[in-house]
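Residue-level structural notes
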Amino acid sequence: DAMVIQNPRYQVTQFGKPVTLSCSQTLNHNVMYWYQQKSSQAPKLLFHYYDKDFNNEADTPDNFQSRRPNTSFCFLDIRSPGLGDAAMYLCATRSGLAGREEQYFGPGTRLTVT
Amino acid sequence: AQTVTQSQPEMSVQEAETVTLSCTYDTSESNYYLFWYKQPPSRQMILVIRQEAYKQQNATENRFSVNFQKAAKSFSLKISDSQLGDTAMYFCAFMVPGNQFYFGTGTSLTVIP
């Protein structure tokens, strides 16, 4: 089945230690998103790619970076995680075709910062 | 600016009963899409139903249907014959083509056996 896959599902890192979260998709979608979701809150968009075009939200901290080496993969790098970065990180995709506006979400990576 | 408001943080419903979750939005755009997403506890967010603003007919997907009132900027979700598996956080979302999704703050629905 075509899907959005996130690894790992659970990640524990130490305060200040860089961490990378990964997302892959078999949907061949043009657009990929990274969201941060804290407990019982709506997902907050961090950035997205339309193909290789990177779009950063204005309030996304510089501590967060992203890479998309090809259509299938996208990475979220947190350079120096703080306690406030503990959250669920959701990857989502969208086809980019007109009329196909829905997003498909991965299962998320729950990040714990100790 | 686009905003999405879900005024019911928590709701509960008896199994087999019907429940309606409310959502309002604000936009000056005429072409847009509306969605309801379901996020069960510790599980993946999945699309429940979508509605194109240019379509007057309300979308339905099995037990799920919407009441789309474009003039009132209202987009409520009705769940009929509620099942225990419907227990989840429900997010209303809005999108203008080519732009980002705007999510509401969510409604936590509990189905009571």
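This text goes with the structure placed above it.
This text gives an overview of the structure that appears in the document. (Residues numbered from 1 in each chain as written. Chains lettered and ligands numbered in written order. Predicted model: local features only at pLDDT ≥ 70, side-chain atom pairs only at ≥ 80, totals over all residues. Heavy atoms only, no water.)

A closer look at the pairing of strand β10 (residues 88-95) of chain B
Residues and elements named next belong to chain B. Burial analysis of β10 places eight of its eight residues in the buried class, which makes it a mostly covered element. Because side chains alternate across β10, one face comprises the buried residues Ala-88, Tyr-90, Cys-92 and Phe-94, and the other comprises Met-89, Phe-91, Ala-93 and Met-95, equally buried. In this structure, strand β5 (residues 33-39) lies alongside β10, joined through seven bridges in antiparallel fashion. From the neighbouring strand, Gln-39 faces β10, where its bridge partner is Met-89. Pairing geometry for β10 and strand β12 (residues 107-112), over three bridges, is antiparallel. Paired with Met-89 across the bridge in β12 is Ser-108. Here β10 folds back onto strand β11 (residues 101-103) in antiparallel fashion, the turn holding five residues, of which Gly-98 has a positive phi close to 85°. (Buried < 20%, exposed > 50% of the residue type's maximum accessible area, 1.4 Å probe, protein only. Helix = DSSP H or I, 4+ residues; strand = E, 2+ residues; numbered from the N terminus. Pairing = 2+ DSSP bridges.)

Description of the sheet that holds strand β1 (residues 4-7) of chain A
To summarise the sheet geometry, strands pair through backbone hydrogen bonds and adopt either a parallel or an antiparallel arrangement. Residues and elements named next belong to chain A. Read from one edge of the open sheet, four strands run β1-β3-β8-β7, paired in antiparallel fashion. Sheet topology places β1 and β7 (64-67) at the edges, where each strand pairs with a single neighbour. Strand-to-strand twist of the sheet, defined as the mean angle between neighbouring strand axes without regard to direction, takes the value 20°. Note that strand β3 (residues 19-25) and strand β8 (residues 73-78) share six bridges and pair antiparallel. Looking at the pairing, Ser-24 lines up with Phe-73 of β8. (Axes fitted to C-alpha atoms, helices over the stretch in contact; angles between N-to-C directions.)

A look at the state of the cysteines
All names here are of chain A. Using the criterion set out here, one finds two disulfides over all chains in the structure. Across the disulfide from Cys-23 sits Cys-91; the S-S distance is 1.9 Å. Taking the torsion about the sulfur-sulfur bond, which here is approximately -70°, the covalent link between Cys-23 and Cys-91 counts as left-handed. Residue Cys-23 is found in strand β3, and its partner Cys-91 is found in strand β9 (residues 87-94); the two are separated by 68 residues along the sequence. (Disulfide = S-S within 2.5 Å.)

With respect to the pattern of salt bridges
The final tally for this structure, using the stated rule, is nine salt bridges over all chains. Between Lys-55 of chain B and Glu-52 of chain B there is a salt bridge, with the nearest N and O atoms lying 3.9 Å from each other. The class for Lys-55 of chain B is partly exposed, based on a relative accessible area of 40%. According to the relative accessible area criterion, Glu-52 of chain B is buried, its value standing at 10%. Residues participating in the shared-partner salt-bridge network are Arg-100 and Glu-102 of chain A together with Arg-50, Glu-52 and Lys-55 of chain B. (Salt bridge = Lys/Arg side-chain N within 4 Å of Asp/Glu carboxyl O.)

A look at the environment of Ser-22 of chain A
All names here are of chain A. Residue position: Ser-22 is located in strand β3. Under the relative-accessibility criterion, Ser-22 is labelled buried at 19%. Remark: the alpha-carbon pair of Ser-22 and Ile-5, spanning 17 residues in sequence, is separated by 8.3 Å.

Concerning the side chain of Thr-27 of chain B
Residue and element names in this part refer to chain B. The topology assignment puts Thr-27 in the loop between β4 (24-26) and β5. Here Thr-27 falls in the buried class, since its relative accessible area comes to 6%. Side-chain polar atoms of Thr-27 contact the backbone nitrogen of Glu-29, separated by 3.0 Å. What Thr-27 contacts, discounting residues up to four positions off in sequence, is Gln-2, Tyr-32, Lys-73 and Phe-94. (Polar contact = N/O pair within 3.5 Å; in protein donor to acceptor, adjacent residues only side chain to side chain. Contact = heavy atoms within 4.5 Å.)

A few points about the nonpolar core
Soluble globular proteins: nonpolar side chains tend toward being buried together. All names here are of chain B. Core analysis: the largest hydrophobic core is formed by 26 residues, its most contacted members being Tyr-25, Tyr-32, Trp-36, Phe-75, Leu-77 and Tyr-90. Secondary structure elements with two or more residues in this core: β3 (19-21), β5, β6 (46-52), β8 (64-69), β9 (74-79), β10 and β12. The leading source of residues in this core is β10, at four residues. Filtering out sequence-adjacent residues up to four positions away, Tyr-32 remains in contact with Tyr-25, Thr-27, Gln-51, Glu-52, Ala-53, Phe-68, Lys-70, Phe-94, Met-95, Val-96 and Pro-97. (Core = buried A, V, L, I, M, F, W, Y, C linked by side-chain atoms within 4.5 Å.)

Quick notes on unusual backbone geometry
In this model, Asn-7 of chain A is joined to Pro-8 of chain A through a cis peptide bond whose omega is -10°. Here Pro-8 of chain A is to be found in the loop between β1 and β2 (10-13). Its identity as a non-glycine residue notwithstanding, Asn-28 of chain A has a phi of 60°, on the positive side. The class for Asn-28 of chain A is exposed, based on a relative accessible area of 61%. Within the chain, Ala-16 of chain B stands out as a residue other than glycine whose phi angle is a positive 80°. Its place among the elements puts Ala-16 of chain B in the loop between β2 (10-14) and β3. Look at Ala-16 of chain B and you get partly exposed, because its relative accessible area is 47%.

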